[in-house]
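Architecture and fold: a report
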Amino acid sequence: MIVQRNVPLQPHNSFGIVARAQQLVRIADEADVAAILADPVLREMPKFVLGGGSNIVLTGDVKPLVLKVEIPGRRLVDDGPRAWIVEVGAGEVWHDTVQWLLAQGWPGLENMALIPGTVGGAPVQNIGAYGVELQDRFESLDGIDLVTGQPFTLDAAQCAFGYRDSVFKHAGDPATNAFGLAGRALITRVRFRLPKPWKPVLGYLDLERKMAETGVTDPSPMQIFDWIVAIRRAKLPDWRVLGNAGSFFKNPTVTPEQCADIIARDPKIVHYPMADGSIKLAAGWLIDACGWKGKSVGNAGVYERQALVLVNRGGTEHPATGGEVMTLAKAIQTSVYERFGIRLEPEPVVV
Ligand code: EPU
């Protein structure tokens, strides 16, 4: 185990924000975590788990001990009649894993192609795109509780997945007996359940358009993968070229009454009824309607083609600061609240 000091984090966050880790340890396996927890000094330090850095905003140097998860490995653990179960190390790159699974003939994650980040980060916010969420293809995961040192295995119910939400985003509360693992779990391995027979998920409008354009109505997993890559490239910026953390806000949900009230004033609002009776609104549309597309605060800006994405316009030379990103985010929240009475909730973790 090597503790590195003063490590630049700009290459390790997809916004490309400049910040340093005072101390950083690379985690290649469970033994590295055990070594940290056995060390009398490191054991006591607050810790910050870093995966692909694709869902964080760094607002300054990181004082907690940074644990950079680089656990490798991909293997089929079960080939049953109903599903392939595949175990993947938390440090594997998400998109490469999706591609590799397809190449093995184990489809199911193709709708989530090109999502930035690592496999270990995926359950934290229950990543999702184009009609499929991680929880739909999830079997279980392994991790280590950094406070108690105990290893754990959680199934989907125990992960308490919700829209861009999980047990890893909530602090436990002994007063109410609520279980939460925010800030204390290091996910080491994730097992995917890829159902057999494979069935395409094609309900999303952008995919229906692709079918209409190409005349292909029974696409293969690979065809869907290619479509998703093309759809994302057309509307989302590549973080290697223009730093960003994907959608910056969650899509808010409102009651049918609130929605009717907004429609009376703004008939064009994009909204989707949910199974539980609530209505989900497109945050990108709300931000766009407030005139934010293309606007900037310092070098932090609102992407021209998708108002839900905040970008770093300063590149690696004069990158946006975390402070500029948060000032812009707060200004957007204020204007959406003033116009629609809706509080947008940020998706990335602010560090
Ligand atoms: N819209 C606008 N103006 C904008 C942006 C969007 O009018 O500037 C409208 C679009 O025309 C569309 C609607 O809003 O009618 C929804 O837009 P889109 O289909 O692009 O999806 P989204 O709701 O903005 C969500 C996820 C994305 C995911 C896509 C596809 C969230 C917060 N975001 O975006 O996830 O890729 O659906 O499933 O749920 C991410 O989380 O980082 C992410 C990129």
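You'll find the structure just up there.
Summary of the structure given here. No experiment lies behind these values; they were computed from the predicted model shown. (Residues numbered from 1 in each chain as written. Predicted model: local features only at pLDDT ≥ 70, side-chain atom pairs only at ≥ 80, totals over all residues. Heavy atoms only, no water.)

Here's the deal with the packing of helix α2 (residues 94–104) against helix α5 (residues 221–235)
In plain terms, the rule: Fitted lines through C-alpha atoms give the axes, limited to the stretch in contact for helices. The angle between two N-to-C directions lies from 0 to 180 degrees. Runs of E in the DSSP output that reach at least two residues are strands. Runs of H or I that reach at least four are helices, and both are numbered from the N terminus. Angle categories are assigned with fixed cut-offs, so that under 35 degrees is roughly parallel, over 145 is roughly antiparallel, 65 to 115 is roughly perpendicular, and the rest are oblique. Helix crossings fall into two classes, left-handed where the near helix is turned counterclockwise from the far one by less than a right angle and right-handed where it is turned clockwise. We call two residues in contact when some of their heavy atoms are within 4.5 Å. When residues are grouped by polarity, Ala, Val, Leu, Ile, Met, Phe, Trp, Tyr, Cys and Pro land in nonpolar, Asp, Glu, Lys and Arg in charged, and all others, Gly among them, in polar.
One way to put it is that α2 packs onto α5 with a least axis distance of 10 Å and a crossing angle of 155 degrees. If you check the angle between α2 and α5, you find them roughly antiparallel. In this structure, α2 crosses over α5, and the sense of that crossing is left-handed. Contacts from H95, V98, Q99 and L102 of α2 reach α5 at P221, M222, F225 and V229. Residue classes in the contact of α2 with α5 are distributed as six nonpolar, two polar and no charged.

Some details on the packing of aromatic side chains
Convention followed: In this analysis, rings of Phe, Tyr and Trp, with Trp reduced to its six-membered ring, are considered paired at centre separations within 6.5 Å, and the interplanar angle assigns stacked below 30 degrees, edge-to-face beyond 60, and tilted for intermediate values. The cut-offs for exposure are 20% and 50% of the maximum accessible area for each residue type, with area from a 1.4 Å probe on protein chains only; residues under the lower value are buried, those over the upper are exposed, and the others partly exposed. Charge over a ring is defined by NZ of Lys or CZ of Arg lying within 6 Å of the ring centre and within 35 degrees of the ring normal.
Evaluation of the coordinates by the stated rule reveals seven aromatic pairs. Between Y130 and Y204 the ring centres are 4.9 Å apart and the planes differ by 70 degrees, which places this aromatic pair in the edge-to-face class. Residue Y130 is found in the loop between β8 (128–129) and β9 (132–133), and its partner Y204 is found in the loop between β14 (185–195) and α4 (205–214); the two are separated by 74 residues along the sequence. Residue Y204 is classed as partly exposed on the basis of its relative accessible area of 38%. Taken together, F15, F248 and F249 form an aromatic cluster joined through their ring pairs. In this structure, R343 is placed above the aromatic ring of Y337, and the distance from its NZ or CZ to the ring centre is 4.1 Å.

Here we look at the site of the ligand
Our working definition: When we say a residue is near a molecule or strand, we mean one of its heavy atoms is within 4 Å of it. Polar contacts here mean pairs of N or O atoms no more than 3.5 Å apart (in protein, one a potential hydrogen donor and the other a potential acceptor; neighbouring residues in sequence count only if both atoms are side-chain atoms). Note that accessible areas follow from Shrake-Rupley with a 1.4 Å probe, and for residues the cover is restricted to the protein chains shown. Throughout, the edges of the domains are those of an automatic or database domain assignment.
Y130, Y163, D288, Q306 and A307 are the nearest of the 22 residues found near the ligand. At 2.9 Å, a side-chain N or O of N251 approaches an oxygen atom of the ligand. In isolation the ligand offers 830 Å² of accessible surface; the protein chains occlude 82% of this area. Looking at the shell around the ligand, the elements with two or more residues in it are α5, β15 (243–247) and α7 (283–289). Here the residues of the shell around the ligand are counted per class, giving 11 nonpolar, five polar and six charged. Per-domain counts for the shell around the ligand show at least three residues from each of domain 2 (74–195) and domain 3 (244–350).

Take it as geometry only, folks, not as evidence of what the structure does.
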